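Report on the structure
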Amino acid sequence: MLVMAKLLLWILLACVTNAAFAERFVLNNQQDVYPLGIHFRWHWDKTTQQPLDDILNERGVDWHYASEDVPNLGYSQHAVWFHLRLDNKSQHPHWFLHIDYPLIRDLDVYFVDENGEVDSVHTGDRFEFSARPLQHRNFIFPMDLSNQKSVDIYIRIHGPYAIQLPITLYGEQALVEQDVTATFLHGLFFGFVLLMACYNFFLFASTREAAYLYYVLFTLSIGGLQLVQQGFAFQFLWPNEVWLQNKATGAFVQLSLISSFLFVSSFLDLKNQLPLLYRSHFVIALISVFLLLVMPWMDELWVMQLGVALSLPSTFIAIFGGLFMWRKGRNNARLFLIAWCIFLVGVFLLALNKLGVVPRTFFTEHGAEIGTVVELALLAFALAGRINHD
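Residues numbered from 1 in each chain as written. Predicted model: local features only at pLDDT ≥ 70, side-chain atom pairs only at ≥ 80, totals over all residues. Heavy atoms only, no water.

1. A look at the layout of surface pockets
- The space that makes up the largest pocket amounts to roughly 710 Å³.
- For the lining of the largest pocket, the elements supplying multiple residues, two or more each, are strand S2 (33–35), strand S13 (167–170), helix H3 (172–207) and helix H11 (362–389).
- Tallying contributions element by element places H11 first for the lining of the largest pocket, with six residues.
- Split into classes, the residues belonging to the lining of the largest pocket amount to 13 nonpolar, eight polar and six charged. (1 Å grid on protein atoms, 1.4 Å probe; cavity = no way out; pocket = protein on both sides within 12 Å on 5 of 7 lines; lining within 4 Å. Points joined across faces, edges and corners; volume = space filled by probe spheres on them. Helix = DSSP H or I, 4+ residues; strand = E, 2+ residues; numbered from the N terminus. Nonpolar A, V, L, I, M, F, W, Y, C, P; charged D, E, K, R; others polar.)

Printed below as a string of C-alpha cells:
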C-alpha cells in the first residue's frame, strides 16, 4: 500500500513538473535557429476581449500544450493566446522572433521580463504595413536577450484567417540566409507565372482564340492570390490600404474560380459536350460573382470558408470533364486531366491545412504553389495541342 502511494505521488509530481516547465525553452551556444512552435502552450479566448492581466495571472485561463511543430487551430471566431518562456544561456544577445505567416489580422505580442515589465507590439493586417517592427512581408520582432536573461512571450492572434503559429527564433545571420532563400524561391514562382501569362497573351493577340485569354486571366488570378497570401502585395503594392489588404485574398479566390470556369468551359467546350457539368460549373461561377460583388459588406471569415468550399467542386468538375473528353478521344484532354489532378492535390492539402485537419508542413502550405507551377505548364501544352488539333 505504501509503495502504491509513493508511486502515485511520483506520477503526480511528474505531471506537475511537466506542466510547470513545458513552456520553458533554453537557448544555448550550439545553434542559431530554434523552431519554437511545438514548445508554446495556447488558450482559447472565447470572449475575444480577455485582457493581458488575466492571462498573466491565469484567471479563467485553460492552457493546452502544442502537439505539432506548428500549432494549427484552423478557422475560428475566437481569439487565441500563446505563451512561452525563453531562458537565454547563450552568448548571443540579439535574436529575431519570426512568424512565417503574413495573413494575421490582429497580432499582439507582449514581452514580459523578469521584473514584470511589459514591452508590447501591436501589428497585423488591421494596421498599415509601416506599423510592423521590421518592414518585412512576415512578422519579425527583434529581441535583445542579454546573457542569462529570461523573458515570457505572450502572443494573441485573432482574425478571419486560419489560426497558425509557424514561429522560429533566428540569429541575425541565420535570418538573412533564410530570407534570401525564401525570396529567391518565391521569385522563381512569380517569374514563371508572369512568363506564362505574357506568352499566352501574345498567342491570344495573334490567334484571337478565347481559350488563351481565359488561360491568362486564370494565371494572373492564381498568381495574384499567392502574391497576397505570401505578403508581397501588402509590402509592395498597397502598404497603406488596410481595407484592400483585408479584402484581397477573398477577391482573388473568387476571381480564380470565375476565370477557371471560363477557361475550362472554353477548353473542353462544356456547353455542347457536357451540358450538365457546364450548368454545375456555371452555378459555382455565379456564386463567385455574387460573393465578389457583396464582399465589401461580408465578414472575411465567411468569404474565406466559402472560397475553400467552392474551390473543391470546381476542381472536381474540371477533372471529370477532362476524363470524359479523354475517353471520347481528345488526346490533349489527357494533359488537361493530369494538370487538374495535380492542382487538386495541392488545393486539397492547403484546404485541409487551413481547416486544421492536417498539420502545417512545407508541402501542405506550399503544395498549391507547386501544383500551380505544374498545372500551368501542362495546361499550356494541352492548350497548344488543342489549337493545333482544331
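2. Remarks on the sheet that holds S2
- Sheet architecture is open: four strands sit in the order S2-S13-S7-S10, paired in antiparallel fashion. The sheet is open, and its two borders are formed by S2 and strand S10 (139–144), each paired with just one other strand. The mean inter-strand angle of the sheet, taken between neighbouring strand axes irrespective of direction, is 20°.
- Examined bridge by bridge, strand S7 (residues 94–99) and S10 share six bridges and lie antiparallel to one another. Counted as the bridge partner of Leu97 is Phe141 from S10. (Pairing = 2+ DSSP bridges. Axes fitted to C-alpha atoms, helices over the stretch in contact; angles between N-to-C directions.)

3. Looking at the packing of aromatic side chains
- Enumeration over the complete set of coordinates arrives at 23 aromatic pairs.
- Geometry around Phe204 places Arg208 over its ring, the cationic atom sitting 5.7 Å from the centre.
- Against the face of Phe267 rests Arg330, its NZ or CZ located 5.5 Å from the ring centre. (Phe/Tyr/Trp six-rings, centres within 6.5 Å; stacked < 30°, edge-to-face > 60°. Lys NZ or Arg CZ within 6 Å of the ring centre and 35° of its normal.)

4. Some remarks on the pattern of salt bridges
- The final tally for this structure, using the stated rule, is twelve salt bridges.
- In this structure, Arg59 and Asp53 form a salt bridge, with 2.3 Å as the shortest nitrogen-oxygen distance.
- Assessed through its relative accessible area of 41%, Arg59 is described here as partly exposed.
- The shortest N-O distance in the salt bridge between Arg126 and Asp106 comes to 3.5 Å. In this pair, Arg126 is assigned in the loop between strand S9 (118–123) and S10 and Asp106 in strand S8 (residues 106–113), connecting sequence segments 20 residues apart.
- Each of the salt bridges in this network shares a partner with another, and the network as a whole consists of Asp106, Asp108, Arg126 and Arg156. (Salt bridge = Lys/Arg side-chain N within 4 Å of Asp/Glu carboxyl O. Buried < 20%, exposed > 50% of the residue type's maximum accessible area, 1.4 Å probe, protein only.)

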